[in-house]
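Structural features, examined
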Amino acid sequence: MKFLLLYNPVSGRSNFKIHLQEIKELFAKTSHSLEIYESKAAHDLDHVALEESSNYDVFLVAGGDGTLNEVLNGVMRASKKPSLAVLPSGTANDTAAILGINKSIKRSLDIYFNETPVMMDVNQINEQYFLYTAASGLMTRVSYDVSRRHIKKYGYIAYMIAAVKDLSNDYRYPLRVKYGDNQTVSIECAMVLGLSSNRVGGMRLNNFSHSKLNDGLFELRFFKRVKSFWRFRLLSSFIRGGKKLREDLQIASSRFEIETSSNVDWNADGEFSCKGSVVIQTHKEAISVYASRKVKKKCF
Ligand SMILES: [Mg+2]
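Residues numbered from 1 in each chain as written. Predicted model: local features only at pLDDT ≥ 70, side-chain atom pairs only at ≥ 80, totals over all residues. Heavy atoms only, no water.

So, about the domain arrangement of the protein. Assigned domains within the protein: domain 1 (2–114) and domain 2 (128–284). Look at where the C-alpha atoms of domain 1 and domain 2 centre, and you get two points 27 Å apart. Each side of the interface is counted separately: domain 1 has 19 residues, and domain 2 has 22 residues. Approximately 1800 Å² of surface area, both sides summed, lies buried where domain 1 meets domain 2, with 58% of it carried by carbon and sulfur atoms. One can count 1 salt bridge joining domain 1 with domain 2. (Domains from an automatic or database assignment. Contact = heavy atoms within 4.5 Å. Buried area = accessible area lost by both parts, 1.4 Å probe. Salt bridge = Lys/Arg side-chain N within 4 Å of Asp/Glu carboxyl O.)

Structure representation (C-alpha cells):
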C-alpha cells in the first residue's frame, strides 16, 4: 500500500524529525511504500491532504489532535478518501488514545501494516469537521489559549494551570437546542461538552457515555448554570468520571441546531472553531481509520 506520512514538526514537546529514520527502516522491511511531507504552517496540511487524497491508500498522521483535525478537514472535502493512521506526538493525543494507539512507533506501525481499518463517524460543526469533541463555556478556551512556548516548557501542566485560571471566570449563557424529531429545549449553561467517546483533555470519563464510534450519533452534555456552587458541581462531575448530575441534560442525536449568544466560543477537537449559533451533525461511518483490536471490538 502507498503511505504518505504527514507530520507537524511543532506538535508537543519534542521534534518529530528524530523518528523519521526509524520509520523509514520499519517501512523498508515491508512491501509498503512511504513518502514524507512536513507541515510548513498552520492549516498547510488541510490543503495537502485534499490535493493528495487520491494518490495514497493511507495518510499516516504524526502530531497531536490539532494536526489530525487539519488532515481530516482536507480528506473530508476530497472525493477519494485514504484511510487515516495516527502516530501520536502531541501533548494530550486524545484521538490516538480513543483509537487505542500509543506512542510506540513500532507497535503502531505493526497495526497499520497488518490490520484492516474500520469506518468511523465524522462530526461537523458549521463548516468544520471534527472527530471527538465540540465544546463551549468553561474550559473551552484552555486547549487553544495556552501558548506554544508554555507547552514546550511545561507540557500537560501548562493546560492544568490554564484550567484552574479559567475557573475564576463566570460562565453563563442561554441556549435553544433543536434536535431529533423537532424536539426543542431551552437551558442556561456554564458549559456544553460534546464527546464521541469517553476521553477529553487527557482525561478518561468512563461515566460520560457508552456510545460507539460508528453509531451515527453525537452526545452533548449541557451543564446547567445553577445558582450556587456551580463550579463545585461541575468539578464533582468530572472527578466522578463525567457522571451526569441531576440538573444537567444529556442528549444523543445525529443533528443539533443550537442558538446562542454571538460571543460564545466553540472548540472542536481542541482548536478554536467558531462563535455563536451552530449546527452540529454526524456523518455516519464517513472515514476509514486504523484502531487497535481492543478498540475495534469495544467501540465499533
Ligand atoms: Mg457516536
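Another aspect to go through is the packing of aromatic side chains. According to the stated counting rule, one finds 8 aromatic pairs in the structure shown. When the ring of F3 is compared with that of F27, the centres are 5.1 Å apart and the planes differ by 75°; the resulting orientation is edge-to-face. Of this pair, F3 sits in strand β1 (residues 2–7) while F27 sits in helix α1 (residues 20–28), and the two are 24 residues apart along the sequence. Assessed through its relative accessible area of 0%, F3 is described here as buried. The interplanar angle of 15° and the centroid separation of 5.8 Å between the aromatic rings of F223 and F238 together place this pair among those described as stacked. You can see F223 sitting in strand β12 (residues 218–224) and its partner F238 sitting in helix α9 (residues 230–239), a full 15 residues away along the chain. Taken as a pair, F223 and F238 share a single burial class, namely buried. Each residue in the set F3, F27 and F113 is aromatic and connected to the rest through ring pairs, giving one cluster. Sitting over the face of the ring of Y56, K2 holds its NZ or CZ atom 5.3 Å from the ring centroid. (Phe/Tyr/Trp six-rings, centres within 6.5 Å; stacked < 30°, edge-to-face > 60°. Helix = DSSP H or I, 4+ residues; strand = E, 2+ residues; numbered from the N terminus. Buried < 20%, exposed > 50% of the residue type's maximum accessible area, 1.4 Å probe, protein only. Lys NZ or Arg CZ within 6 Å of the ring centre and 35° of its normal.)

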